[in-house]
Structures are given as structure tokens and as C-alpha cells.
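# Analysis of the macromolecular model
Chain by chain, the residues run as shown.
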Amino acid sequence: MMGFLNIDVIDMDTIELTNLNRQFLFRQPDVGSSKAEVAAAFVNKRVPGANVVPHFAKIQDKDGDFYKQFHIIIMGLDSLEARRWMNDLICSFLEYDEDGNIDPSTALTVVDGGTEGLKGHVNVIKPGTTPCFECILPLFPPQVNFPMCTLADVPRTPAHCVEWSKQLEWDRARPFGDVALDCDDADHMQWLFKTSEKRAKEHGIEGVTLKFTQGVAKRIIPAIAATNAVVAAACANEVFKIATGACKEMQIETGGHYMMYVGSEGVYTDTMSHDRDPECTVCHRAAVNVKASRQMLLKDFIGVLKNDARLRIKDPALSAPAPSGLKVLHNPHVSALAKMYAGNLDKTMGELLSGLESGVELTMDDPVLATQKQLSITFTD
């Protein structure tokens, strides 16, 4: 309707019955089918000349060349983790000339829209100019966590049962071998549901369903149709302004690049700007300085990294400089490497980084980020 005919849409989800009450693309027979494929077919049939190409996949399944072909990317993702991954990838595309100026052809504009119940936001991100998503990550509230003793001993709510299965029982039972829990894997979620349901019955707790289990495991907040409509319209409006130049899109010079919407009491919106983080590991590609004792065990150092608010990582792989390139210290992402270097976890940083002084940079990979990051190590002894 706005004249955008060549669109690619990527979504790994399938249509559920509850999706039918808050949109107009899906019908009852579509339940169980790919959201991307059904939506693309509907629009292509309804809009003359439309060429919507569906991709039934995770965003992580596509490489950088796939995303580089587009002029504008709209993010309507359902988790901070997915947003961080996409933001990191897009910022990695930036190239600079010899004077330090950004090559405009490498800067992909991103319009990020998100909803949470009766609240929503639209954020226009221009990598290298506006704050990237990682810069404003501290503005998002931390996820709710439950005391481990409550989960392990006496659960009182259905959510406790799901979190027990997710945080404790998965690592103990290892139902699918030496692999991490993937909340987007149907088999993993079915196991999580059955285990949580059994736990709930043992303690006389009702309310554990597959849908509820998915919601707790993926931190899903129920979607409100009106909020989705407002935020989607605002995203489309910004894309139209960026593509046509009809008027200025949201940016610092026009009052702000970030619009917030609150619909809990009437309708309230505000537009604001944020500052770029000069130490951002993503858009500034800055190495993160981490202090460590040479007597600290590698497994304890990894714990420090996981608790570092600047990183917000899940399960890092680490490599150190070596005469022939890089040597692996720890890699939990490849089972063969995890077994090969498991002994390093009980070695000290001094042993593993023998001969290296403060300022040495370790290379880190983590599932929540699309590219490698550098850690500058300062020894405290």
C-alpha cells in the first residue's frame, strides 16, 4: 500500500491458534504452517506487483552477504538476544575511509520496533551515527530470576516448575546429549513441558501447559493487538520517510531517534535521543578491559565474564594469542573442542597465558553476538 514491492521476510515461527486474533494474514487452515510463507503468499496475492520472498529460518541462519543486499532492515524480533545478534552483525558491516569517515554504502539503516504488553518502542538506528542497540541495552529492565533454593526445594508456582526444568534438570538429565537447551527447538520444548508438568503434579501445582512453558522459557509477554498495530504503523512510517526523503525520519536533529509508546492509561508517546556509548563493544568495536589474577582458574574467569554487565553473554568461547595465530582456551560450542580443552577449566590464567603481560587481548565468541569481541586483560598480581 505504501509502494514497497520488493520485500524479504524471515521468521522461524509457525502459526498458532492464538495468532489468529491479532492480525489479518492468517486463517484457521494456516495453523501449523510457516508464518513467513503464509504471510508472503497472502500479500503477493492481494497486492498487484508485490514480490515478498519468505525465509522460514532463524535470522542466524543467514550470513552477512544475505543482509548486505538490502537498503533498510526492519527488526520486529521477540527477544533482546535476537536484537543484539542482528545489531552486532549490521554494525560489523561498517567500513571507514583513511580519514576515519564512514563509507555510506556500508551503513545499513535499521528500524527496530518492539512491544511489551501495552508498551512499545520504535528506534531508528544508523550505525556509526546514532547509538546502536547495544549502547542502549542498559535501559531495558533485567529479566526476572528466581532464587535457586526455591526452584530446587519447594516450588510454589507453575513458573517455578518450568525454571527448575530449564535451569537444573536439563543439565542433569542431558536428554539430547551434550547440547545446550534451545527454546526454539520443538523437541527441546516438548521435553521441557513434560518435565515441568511432572514436577508440577508432584507438588500439586496446576497451570503448566505447553504454551505456558514456552512463555516462561522464552520470557514471552502476551501480545496486545492494538500495541502491535501502533508500533507497526510507526515503523512503516519511518521506513517510508527514509526511503523517499519525503520528510526527515526520527533522528537526533529532529528531536530524537527513539519513540516510546505507553497505552496502559490512555495514549502517550514521547520521542527522545540517547548518547552513543564510547566504550561500546559493538559500534565502537572497543576491547573490554577485564581484571584477573594470574592465580584465578579459567572456569572462575569465565564466571566473571558471564556476570559482567558490559558483556551480557551466555557461554563464551575464548582464544589467546599464539606464535602460530590463536590457541583455544575454551570452546563449549563444538563438542569435540569442548572435550579436548575441558582440562583448561581447572588451570590458572597464569598457566594458560604464560609469558603474556597485562594488555594481552583474548578473542571471545558467544551465541548472543554475531562477531568476535576482544577482551583486554589486566593482571592484578
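Notes on the structure in this doc start here. From a predicted model like this one, the values you see are computed outputs, not experimental measurements. (Residues numbered from 1 in each chain as written. Predicted model: local features only at pLDDT ≥ 70, side-chain atom pairs only at ≥ 80, totals over all residues. Heavy atoms only, no water.)

## Looking at unusual backbone geometry
The following threshold applies: Strands are runs of DSSP state E lasting at least two residues, helices are runs of H or I lasting at least four, and both sets are numbered from the N terminus onward. Residue burial is assigned from relative accessible area. The probe radius is 1.4 Å, only protein chains are included, and a residue is buried under 20% of its type maximum, exposed over 50%, and partly exposed in between.
Notably, Arg174 is not glycine yet its phi reads approximately 45 degrees, a positive angle. By the secondary structure assignment, Arg174 is in the loop between α5 (158–173) and α6 (186–202). Residue classification places Arg174 among the partly exposed residues on the basis of a relative accessible area of 40%. Positive phi values are uncommon outside glycine, yet Arg285 reaches one of about 55 degrees. Inspection of the secondary structure assignment puts Arg285 in the loop between β7 (268–272) and β8 (288–292).

## What about the packing of aromatic side chains?
Test applied: Working definition: a ring pair exists when centres of Phe, Tyr or Trp rings (six-membered ring for Trp) sit within 6.5 Å. Plane angles under 30 degrees give stacked, over 60 give edge-to-face, the rest tilted.
Summed over all chains, the structure comprises five aromatic pairs. Ring plane angle 25 degrees and centroid distance 5.9 Å describe the contact between Trp170 and Phe176, whose orientation is recorded as stacked. Overall, Phe176 belongs to the partly exposed group, its relative accessible area being 36%. Taken together, the ring pairs in this structure connect Phe66, Tyr67 and Phe70 into an aromatic cluster.

## Here's the deal with helix α7 (residues 210–217)
Which entries qualify depends on this criterion: Residues count as neighbours in contact if any of their non-hydrogen atoms are within 4.5 Å of one another.
Of the positions making up α7, those classed as buried are Thr213, Gly215, Val216 and Ala217. Its buried side turned inward, α7 meets α5 and α6.

## A closer look at the pairing of strand β4 (residues 109–116)
Our working rule: DSSP calls a pair of strands paired once it identifies at least 2 bridges connecting them. Whether a crossover is right-handed comes down to one check: with the strands pointing away from the viewer, does the path from the first strand over the helix to the second run clockwise; if it does, it is right-handed.
With respect to burial, β4 is a largely interior element, six of its eight residues being buried. Judged from the four bridges that link them, strand β3 (residues 72–75) and β4 form a sheet pairing that is parallel. Within β4, the position partnered with Ile73 by the bridge is Val110. Regarding topology, helix α3 (residues 80–91) serves as the crossover connection from β3 to the parallel β4, and that connection is right-handed. Where β4 meets strand β5 (residues 119–125), seven bridges bridge the pair, whose relative direction is antiparallel. Bridging across to β5, Gly113 finds its partner in Val122.

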